[in-house]
Amino acid sequence: MANPSSYDLRRRTEEWCATAGFEPSIAIEVTEFGTARDFVSRDLGVALLPLPARRFPGVVDVPLRGDGYARTVALATTMPSLSPIARRFRDFVVERGISGLSVE
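Thresholds, definitions, all that
- Residues numbered from 1 in each chain as written.
- Predicted model: local features only at pLDDT ≥ 70, side-chain atom pairs only at ≥ 80, totals over all residues.
- Heavy atoms only, no water.
- Core = buried A, V, L, I, M, F, W, Y, C linked by side-chain atoms within 4.5 Å.
- Buried < 20%, exposed > 50% of the residue type's maximum accessible area, 1.4 Å probe, protein only.
- Contact = heavy atoms within 4.5 Å.
- Helix = DSSP H or I, 4+ residues; strand = E, 2+ residues; numbered from the N terminus.
- Polar contact = N/O pair within 3.5 Å; in protein donor to acceptor, adjacent residues only side chain to side chain.
- pLDDT = per-residue confidence, 0-100.
- Salt bridge = Lys/Arg side-chain N within 4 Å of Asp/Glu carboxyl O.
- Expected span 1.5 Å × (residues − 1).

(A) Structural view of the nonpolar core. M1, V30, A36, V40, F56 and V59 form the largest nonpolar core, which has six residues in total. Not counting chain neighbours up to four residues away, the residues in contact with A36 comprise M1, V30, A47 and L49.

(B) Region of the structure containing the side chain of N3. Within the fold, N3 resides in the segment before α1 (8–19). Polar side-chain contacts of N3 include one of 3.1 Å to the backbone oxygen of V30. If near-sequence neighbours (up to four positions away) are discounted, N3 is found in contact with L9, R10, E29, V30, T31 and F33.

(C) Expanded view of the environment of M1. For M1, the position within the fold is in the segment before α1. Between the alpha carbons of M1 and P24 there is a distance of 9.0 Å; along the sequence they are 23 residues apart. In contact with M1, other than residues within four places in its own chain, are I26, I28, V30, A36, F39, V40, L44, G45, V46 and A47.

(D) Region of the structure containing the confidence of the model for the protein. Per-residue pLDDT for the protein averages 84, and the proportion of residues at 70 or more is 92%. Averaged pLDDT values for the elements of the protein fall to 83 in helix α3 (residues 84–95) and rise to 92 in helix α2 (residues 33–41).

(E) Main features of the pattern of salt bridges. Enumeration over the complete set of coordinates arrives at eight salt bridges. The salt bridge involving R42 is made with D38; its shortest N-O contact spans 3.0 Å. Between D91 and R90 there is a salt bridge whose closest N-O contact spans 3.0 Å. A relative accessible area of 31% places D91 in the partly exposed class. When salt bridges with common partners are traced through the structure, they connect D8, R11, R12 and E15 into a single cluster.

(F) Examining α1 more closely. Spanning 12 residues, α1 covers 16 Å between terminal C-alpha atoms, matching the ideal 16 Å at 1.5 Å per step. Where α1 is buried, its residues touch α2. One or two residues past the end of α1 sits G21, with phi positive at roughly 95°.

What follows is the structure, encoded as structure tokens:
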């Protein structure tokens, strides 16, 4: 399973598979990572997903090996200062070790 073809992760998944010498057979398109993990836990397929913040019962996360398996993510707000929950989210992203993140 994979995201719809309009998603960046889907495009990258297809590129990475082509580089590895195969074309994925995608039977299910899913927009939510949690839904994809639920489907995987029910043996409905496999999925390339960002690592989760917590373990999902019945799912084994296998990190990709090699270079070049990364995406750029941006956090943006129109608020002059962050709410407590937005600040916690920003701090969570920073603590996860996402490189290149600048906090202004």
